[in-house]
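Remarks on the overall topology
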Amino acid sequence: MAAQVKRAFKYCFYPSEAQAAELSRTFGCVRKVYNLALAARTEAWALRRERVGYTATSAMLTAWKKTEDLAYLSQVSCVPLQQALRHLQTAFADFFAKRAGYPRFKSRKRSRRSAEYTASGFRFREGELTLAKMAGPLAIVWSRPLPEGARLSTVTVSQDGAGRWFVSLLCQDPAVAPLPATGGAVGVDAGLEDLLTLSTGEKIINPRHERGDRIRLAKAQRVLSRKAKGDGANRAKARRRVARIHARIADRRRDFLHKITTRLVRENQVVVIEDLAVGNMLKNRRLARAIGDAAWREFRGMLEYKAAWYGREVIAVDRWFPSSKLCSACGTRRDEMPLDVRVWTCGCGRSHDRDVNAAKNILAAGLAVSACGAGVRPQRDSSRTGRSAVKQETLRREP
């Protein structure tokens, strides 16, 4: 039986001038309502120790629309404004559950420009999508078909920094079903020289998407830095040029990761990875650029949700597990393993490639965790005395 999975399908579209103006007004109103509600909730707690929920902020929105200063909120659809309040409620719920930090105010220049419409805020008929307050449908580029008989639950419209317009359609996808079970299992060792090294011995090169456009990006950033700050047209053009380069890098990186994660999930029943603290690694100024370009966090996120879709298992072993120091053949552990040692021979006579050996040990540790229970974690490497969570293989200076 096919799994009923909610899946978002993202498409590019080209709005008319009237549609672009309407959406821009909607984005601004969504940001304004979110910030007003956040300020009201923060003030209520700081002054009166009173918790204000979604229902109260919804009543506030009705009152705001009746004031002279905020009457313009009535000019856009009320659906994305209500959704902004629901998103704020979710942000507070995550904060109180200690899953996220305290909600932050949305910036006009830095925050994502988006608006979400529920079923009452759009009409989808015969392949045409029309949003509330708009006379005609959006000119969407249907780069791939929607699932047959798909019923849309929400529609999210957004504009990125490069000026591109996107619409994301959330619907149930009956085509997503668990794949046939296989006996395959693979360990994955992440790195910078090679993005991924598999326990099978295969190495997936690091495409270094950011490095490929680094000269072009640096030139565009220098041009932008020479423009006077403000809202001038020349500065806006220079800013969009920088944003387009960043978008090109991100698009290629995302496409590459999708292909790799899909392949790993299709070929293996179990995928074992390291539980890397990428956020802590990014604090290393020498390596932050290379680590961000490798996108290990995005890789793990893709791998986990695809595994959940297709009935696979992803296991994360402790980041302190000394995978590089153990012999995958006999289990002997070396006291030291300098970073310049890429190939070494154990006392048992087995010769190892450092990264392949680490991937094999990660696989063995993950299978042990799976067999013994999720609560079992490999023993921490006692030779590590510092508090840094930086992966040892990334400590070499990135050129």
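Quick note: structure is the one above.
The model shown is predicted, which means the values in this text are computed figures rather than measured ones. (Residues numbered from 1 in each chain as written. Predicted model: local features only at pLDDT ≥ 70, side-chain atom pairs only at ≥ 80, totals over all residues. Heavy atoms only, no water.)

The next point concerns the pairing of strand E3 (residues 122-125). In this structure, E3 lies alongside strand E4 (residues 128-131), joined through four bridges in antiparallel fashion. Each residue of the ladder has a partner; that of Arg125, found in E4, is Glu128. In textbook terms, the turn of a hairpin is the stretch between consecutive antiparallel strands, and for E3 and E4 this stretch comprises two residues, one of which, Glu126, has a positive phi near 50°. (Pairing = 2+ DSSP bridges. Helix = DSSP H or I, 4+ residues; strand = E, 2+ residues; numbered from the N terminus.)

This brings us to helix H6 (residues 233-267). When the terminal C-alpha atoms of H6 are compared, their 51 Å separation across 35 residues agrees well with the 51 Å that a helix rising 1.5 Å per residue should span. Three or more residues of H6 are buried, namely Ala238, Val242, Ala243, Ile245, Ala247, Ile249, Arg253, Leu257, Ile260, Thr261, Leu264 and Val265. (Expected span 1.5 Å × (residues − 1). Buried < 20%, exposed > 50% of the residue type's maximum accessible area, 1.4 Å probe, protein only.)

Let's shift gears to the packing of helix H2 (residues 54-65) against helix H3 (residues 78-96). Two numbers describe how H2 lies on H3: the axes approach to 10 Å, and their chain directions differ by 145°. Read as a crossing pair, H2 and H3 show a hand that is right-handed. Here Tyr54, Thr57, Ser58, Leu61 and Lys65 of H2 lie close against H3, whose contacting residues are Cys78, Leu81, Gln82, Leu85, Arg86 and Gln89. (Axes fitted to C-alpha atoms, helices over the stretch in contact; angles between N-to-C directions. Left-handed = near helix turned anticlockwise from the far one by under 90°. Contact = heavy atoms within 4.5 Å.)

This part takes up the side chain of Thr197. Mapping Thr197 onto the fold places it in strand E8 (residues 194-198). Given a relative accessible area of 1%, Thr197 falls into the buried group.

Before going further, it helps to examine the pattern of salt bridges. Enumeration over the complete set of coordinates arrives at 21 salt bridges. A salt bridge links Lys203 to Asp353, with the shortest nitrogen-to-oxygen separation between them at 3.0 Å. Within this pair, whereas Lys203 is found in strand E9 (residues 203-205), its partner Asp353 is found in strand E13 (residues 351-353), the two being separated by 150 residues in sequence. Owing to a relative accessible area of 34%, Lys203 belongs among the partly exposed residues under this scheme. Using a relative accessible area of 26% as the deciding quantity, one classes Asp353 as partly exposed. Through salt bridges with shared partners, a single network forms among Asp160, Arg164, Asp251, Arg254 and Glu298. (Salt bridge = Lys/Arg side-chain N within 4 Å of Asp/Glu carboxyl O.)

Before going further, it helps to spend a moment on the sheet that holds strand E11 (residues 313-317). Spatial strand order, E9-E8-E7-E10-E11: five strands in an open sheet with mixed pairing. The sheet terminates laterally at E9 and E11, the two strands that pair on one side only. With direction set aside, neighbouring strand axes in the sheet form an average angle of 20°. Across three bridges, strand E7 (residues 185-190) lies against strand E10 (residues 270-274) in parallel orientation. From the neighbouring strand, Ala185 faces E10, where its bridge partner is Val270. Relative to the sheet, H6 contacts E8, E9 and E10, its axis offset from that of E8 by approximately 5°.

Let us now look at the sheet that holds strand E1 (residues 5-12). Whether parallel or antiparallel, the strands of a sheet pair through hydrogen bonds between backbone atoms. As summarised here, the arrangement of the four strands in space is E1-E6-E5-E2, forming an open sheet in which the pairing is antiparallel. Here the strands that pair on one side only, and so sit at the sheet edges, are E1 and strand E2 (113-118). Each strand of the sheet is rotated relative to its neighbour by a mean of 20°, with strand direction disregarded. Judged from the eight bridges that link them, E1 and strand E6 (residues 165-173) form a sheet pairing that is antiparallel. Counterpart to Val5 in the pairing with E6 is Asp173.

A few words now on the state of the cysteines. Enumeration over the complete set of coordinates arrives at zero disulfides. The structure places no disulfide on Cys12, whose sulfur is separated from the nearest cysteine sulfur, that of Cys171, by 19 Å. Cysteine Cys327 shares no disulfide, and the gap to the nearest cysteine sulfur, in Cys330, comes to 3.6 Å. (Disulfide = S-S within 2.5 Å.)

Positive phi is not limited to glycine here, since Lys98 has a value of about 60°. Checked against the element boundaries, Lys98 lands in the loop between H3 and E2. In this structure, Glu126 is a non-glycine residue whose phi angle is positive, near 50°. A residue is classified by how much of its surface remains accessible, and Glu126, at 84% relative accessible area, is exposed.

Attention shifts here to the pairing of E8. Among the five residues that make up E8, five are buried, leaving the element largely enclosed by the rest of the structure. Alignment of E7 against E8, held across three bridges, turns out to be antiparallel. Each residue of the ladder has a partner; that of Val188, found in E8, is Leu198. Remark: three residues form the turn of the hairpin made by E7 and E8, two consecutive strands paired antiparallel. With three bridges connecting them, E8 and E9 associate as antiparallel partners. Within E9, the residue paired with Asp194 across the bridge is Ile205.

Let us look at the packing of aromatic side chains. Evaluation of the coordinates by the stated rule reveals ten aromatic pairs. Ring centres of Phe124 and Trp142 lie 6.1 Å apart, and the angle between their planes is 55°; this geometry places the pair in the tilted category. Highlighted residues: Phe124 in strand E3 and Trp142 in the loop between E4 and strand E5 (152-159), separated in sequence by 18 residues. Exposure remark for Trp142: the relative accessible area of 35% places this residue in the partly exposed category. Ring pairs connect the aromatic residues Phe92, Phe95, Phe96 and Tyr102, which therefore count as one cluster. The ring of Phe96 carries the charged tip of Arg51 above its face, separated from the ring centre by 4.0 Å. Looking at Lys106, its charged tip hangs above the ring of Tyr34, at a distance of 4.5 Å from the centre. (Phe/Tyr/Trp six-rings, centres within 6.5 Å; stacked < 30°, edge-to-face > 60°. Lys NZ or Arg CZ within 6 Å of the ring centre and 35° of its normal.)

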